[in-house]
Protein chains: 2
Amino acid sequence: MASEPIMRIASQLSRLPGIGPKSAQRLAYHILNLPLEQVRELATSIWEGRKSARTCSICGDLTANDPCPICSDKKRRADQICVVRDPRDVPALEHMHSYSGLYHVLHGAISPMDGIGPDDIRIRELMARLSADVEEVILATNPDVEGEATASYIARLIKPMGIKVTRIAYGLPVGADLEYADEMTLSRAFEGRREL
Amino acid sequence: MASEPIMRIASQLSRLPGIGPKSAQRLAYHILNLPLEQVRELATSIWEGRKSARTCSICGDLTANDPCPICSDKKRRADQICVVRDPRDVPALEHMHSYSGLYHVLHGAISPMDGIGPDDIRIRELMARLSADVEEVILATNPDVEGEATASYIARLIKPMGIKVTRIAYGLPVGADLEYADEMTLSRAFEGRREL
């Protein structure tokens, strides 16, 4: 219905999550009214950002440089590793401004229903990181069935090694998404973590 | 807080209307997980779409080819011109599947408050299109103060030329609840009542 440049942009945008056909079209009209230079920046950021993105070989977070800034930060505590499901959980936790240890991104959670087992997420890589320096592994997977199963599984592997394993507290509403928790709730959950 | 490729994409996306920092970040993470080829398509569509966009020299709609597909469609009635404010209004009206005339996009509305006068929108271009072939000009500017002012202004210019000038009707939206309609809409709907 709309003109070809609009259709072209809108059809691509509507493939993104949370952007329906209506808002894709609205965004497309907005983009066609922007100065060329700003549209170039937008398109370049998407393409270059995607191209430059790699996975940190240590923690598994998304990064432009390997190792990522957190893993290469000498000021951070190397004796704590916080285990999360997704890269997007890292900035959510960093937002607390109270954790200064390292992270480990699993890129998924154990989910027999979806055929995702322990070997399909970065658990092996986590085990390989557990040297004598590591004093605590904080399991910050989501407070849902899969996150819970993943946490228990990892706890069972690590405990025999004599490393303290903690789980963030159920201060979070059950079934919620870690990414959307507010800082206060997240901080409380973090403080209230208990040994498994 | 998030890694650099994420920040780069998110900061650009959050400049778009209706995309806040949270959803920009969410979209950025989604984009970083897409296959390279799909991201290339997305970025290219935005950039190429913007670059190819021009204004139809006849109607003023956004198009990749001048004249636009509607203006060059010989099957459309050339004796009706529907006047709208924005390019985005054209697909909205096309969606009715009942209008087969031409369009004229003003790219704005008369608004003394914002310093926008008749010479700042494409009224001159509309007048230049009014040949003996044109039998009706349908004023489909928005039903707000500016749209109303623009419609009255254009009507005053065209009427002396002996061309029929119509204005889309005010009334209740289909499926609306009379109880919740505002007084202005309700009295307009009342005034505009027609014999059954």
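Details of the structure are given in the entry above.
What comes next is a walk through the structure. (Residues numbered from 1 in each chain as written. Chains lettered and ligands numbered in written order. Predicted model: local features only at pLDDT ≥ 70, side-chain atom pairs only at ≥ 80, totals over all residues. Heavy atoms only, no water.)

With that out of the way, let us pick up the packing of helix α3 (residues 36-52) of chain A against helix α3 (residues 36-52) of chain B. Axis separation between α3 of chain A and α3 of chain B bottoms out at 9 Å; the angle between their running directions is 175 degrees. It follows from the interaxial angle that α3 of chain A and α3 of chain B lie roughly antiparallel. Counting all contacts with α3 of chain A, which are made through Leu36, Val39, Arg40, Leu42, Ala43, Ile46, Trp47, Arg50 and Lys51 of chain A, the residues of α3 of chain B involved are Leu36, Val39, Arg40, Leu42, Ala43, Ile46, Trp47, Arg50 and Lys51 of chain B. Grouping the amino acids of the contact of α3 of chain A with α3 of chain B by side-chain chemistry returns 12 nonpolar, no polar and 6 charged. (Axes fitted to C-alpha atoms, helices over the stretch in contact; angles between N-to-C directions. Helix = DSSP H or I, 4+ residues; strand = E, 2+ residues; numbered from the N terminus. Parallel < 35°, antiparallel > 145°, perpendicular 65-115°, else oblique. Contact = heavy atoms within 4.5 Å. Nonpolar A, V, L, I, M, F, W, Y, C, P; charged D, E, K, R; others polar.)

Residues and elements named next belong to chain B. When you line up the elements, valine 137 lands in strand β5 (residues 136-139). Put simply, valine 137 and isoleucine 154 are 17 residues apart on the chain and 9.6 Å apart in space, counted from C-alpha to C-alpha. Not counting chain neighbours up to four residues away, the residues in contact with valine 137 comprise Ile81, Val83, Leu130, Ile158, Ile163, Lys164, Val165 and Thr166.

A separate point is the pairing of strand β5 (residues 136-139) of chain A. Residues and elements named next belong to chain A. Taking every second residue as pointing to the same face, both faces of β5 are buried, with Glu136 and Ile138 on one and Val137 and Leu139 on the other. The pairing of strand β3 (residues 80-84) with β5 spans 4 bridges and is parallel. Note on β5: the bridge partner recorded for cysteine 82 is isoleucine 138. With respect to chirality, the unit in which β5 leads through helix α6 (residues 145-158) into the neighbouring parallel strand β6 (residues 164-167) is right-handed. (Buried < 20%, exposed > 50% of the residue type's maximum accessible area, 1.4 Å probe, protein only. Pairing = 2+ DSSP bridges. Right-handed = clockwise from strand over helix to strand, strands pointing away.)

Turning our attention to the side chain of arginine 129 of chain B. Residues and elements named next belong to chain B. Position of arginine 129 relative to the elements: it lies in helix α5 (residues 123-129). The side chain of arginine 129 sits in the buried core without any salt bridge; glutamate 125 is the nearest counter-charge, 9.8 Å away. There is a polar contact of 2.6 Å between the side chain of arginine 129 and the backbone oxygen of tyrosine 103. Setting aside residues no more than four positions away along its own chain, arginine 129 makes contact with Ile58, Cys59, Ile81, Leu102, Tyr103, His104 and Val134. (Lys, Arg positive; Asp, Glu negative; His and termini not counted. Salt bridge = Lys/Arg side-chain N within 4 Å of Asp/Glu carboxyl O. Polar contact = N/O pair within 3.5 Å; in protein donor to acceptor, adjacent residues only side chain to side chain.)

This part is about unusual backbone geometry. All names here are of chain A. Cis geometry is found at the peptide bond from aspartate 66 to proline 67, where omega equals -5 degrees. Here proline 67 is to be found in the loop between β2 (62-63) and β3. Phi angles above zero are rare outside glycine, and histidine 107 is one such case at about 60 degrees.

The subject of this paragraph is the pattern of salt bridges. The tally for this structure, following the rule as stated, stands at 12 salt bridges over all chains. Of the charged contacts in the structure, one is a salt bridge between glutamate 41 of chain A and arginine 15 of chain B, with a shortest N-O distance of 3.3 Å. Here glutamate 41 of chain A is found in helix α3, whereas its partner arginine 15 of chain B is found in the loop between α1 (4-13) and α2 (21-32) on a different chain. Exposure remark for glutamate 41 of chain A: the relative accessible area of 35% places this residue in the partly exposed category. Note that arginine 77 of chain B and aspartate 79 of chain B form a salt bridge whose closest N and O atoms lie 3.1 Å from each other. The partly exposed category is assigned to arginine 77 of chain B, whose relative accessible area is 39%. A residue is classified by how much of its surface remains accessible, and aspartate 79 of chain B, at 16% relative accessible area, is buried.

Attention shifts here to the sheet that holds β5 of chain B. Residues and elements named next belong to chain B. If you walk across this open sheet you meet the 4 strands as β4-β3-β5-β6, and the pairing is parallel. Unpaired on one side and paired on the other, β4 (102-105) and β6 (164-167) mark the two borders of the sheet. Each neighbouring strand pair of the sheet contributes to a mean axis angle of 25 degrees, computed without reference to strand direction. Sheet topology note: the strand β3 (residues 80-84)/β4 ladder contains 4 bridges and is parallel. Its bridge partner being in β4, isoleucine 81 is matched across the sheet by leucine 102. Lying on the sheet, helix α6 (residues 145-158) is in contact with β3, β5 and β6; it crosses β6 at an angle near 170 degrees.

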